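Per-entry structural report
Listed here are the chains, written in short residue letters.
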Amino acid sequence: MKNIQVFYLVVSILIWVLGYFHTGKLVRPKWKVPGKFVFYVGVSVILVHWFGHWGLIFIIGHPLIGFLFHYKVCSENDINWFTCEPKEKYVELQQKWAKRNFAKSKAKK
């Protein structure tokens, strides 16, 4: 591995760790956490190895798309996107999605 590839690997790991400390503790089921790490870092390494600097599109784009999706879904379900409060509601939403139930929650008016 070249130095730049190692640097990009470290960047991808740091981005993943920051994302984990934000919402990763609430991921259900728990077995998804190592799977998500292996997928993200593994794909990052492969893309940087094959495509060089173009691999940064995935390293930065994947979490950016995840963040935008997280923000949108939290906003639609009256959950604070930054704190994931109320946590019970956030975990309930994740469990619902794990069962492939993507119906929008009815907002209270």
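Refer to the structure presented above.
In this report, we go over the structure that sits alongside the text. (Residues numbered from 1 in each chain as written. Predicted model: local features only at pLDDT ≥ 70, side-chain atom pairs only at ≥ 80, totals over all residues. Heavy atoms only, no water.)

1. Focus: the overall build of the chain
A count of helical and extended segments in the chain gives four helices and zero strands. Listed by position from the N terminus, the elements making up the chain come as α-α-α-α. Expressed as lengths along the three principal axes of its C-alpha atoms, the size of the chain is roughly 55 × 25 × 25 Å. Out of the 109 residues belonging to the chain, those deemed buried represent 25%. For the chain, the proportion of contacts with a sequence separation of at least 24, taken over those separated by at least 6, is 52%. Accessible surface for the chain amounts to roughly 8,000 Å². Of this, 70% is attributable to carbon and sulfur atoms. (Helix = DSSP H or I, 4+ residues; strand = E, 2+ residues; numbered from the N terminus. Buried < 20%, exposed > 50% of the residue type's maximum accessible area, 1.4 Å probe, protein only. Contact = heavy atoms within 4.5 Å. Areas by Shrake-Rupley, 256 points an atom, 1.4 Å probe, with all protein chains shown as cover.)

2. Digging into empty space enclosed by the protein
Per the stated rule, a full pass over the model turns up one cavity of 30 Å³ or more. The space that makes up the largest cavity amounts to roughly 50 Å³. Lining of the largest cavity is provided by M1, Q5, Y8, L9, S12, S44, V45, V48, H49 and I59. Elements that contribute at least two residues to the lining of the largest cavity include exactly α1 (3–23) and α2 (32–51). Its residues assigned to classes, the lining of the largest cavity comprises six nonpolar, four polar and no charged. (1 Å grid on protein atoms, 1.4 Å probe; cavity = no way out; pocket = protein on both sides within 12 Å on 5 of 7 lines; lining within 4 Å. Points joined across faces, edges and corners; volume = space filled by probe spheres on them. Nonpolar A, V, L, I, M, F, W, Y, C, P; charged D, E, K, R; others polar.)

3. Section: the nonpolar core
Counting residues in hydrophobic clusters, the biggest one holds nine residues: Y8, W16, V27, V33, Y40, V41, V48, F58 and I59. Of all the secondary-structure elements, those providing two or more residues to this core are α1, α2 and α3 (56–76). Among the elements that line this core, the one with the most residues is α2, at four residues. In terms of nonpolar packing, the next biggest core, distinct from the first, is built from eight residues, L26, V73, C74 and L93 among them. (Core = buried A, V, L, I, M, F, W, Y, C linked by side-chain atoms within 4.5 Å.)

4. Re the environment of K2
Examined against the element boundaries, K2 turns out to sit in the segment before α1. Taking relative accessible area as the criterion, K2 reaches 59% and is therefore assigned exposed. Along the primary structure K2 and W54 are separated by 52 residues, whereas in three dimensions their C-alpha atoms are 15 Å apart.

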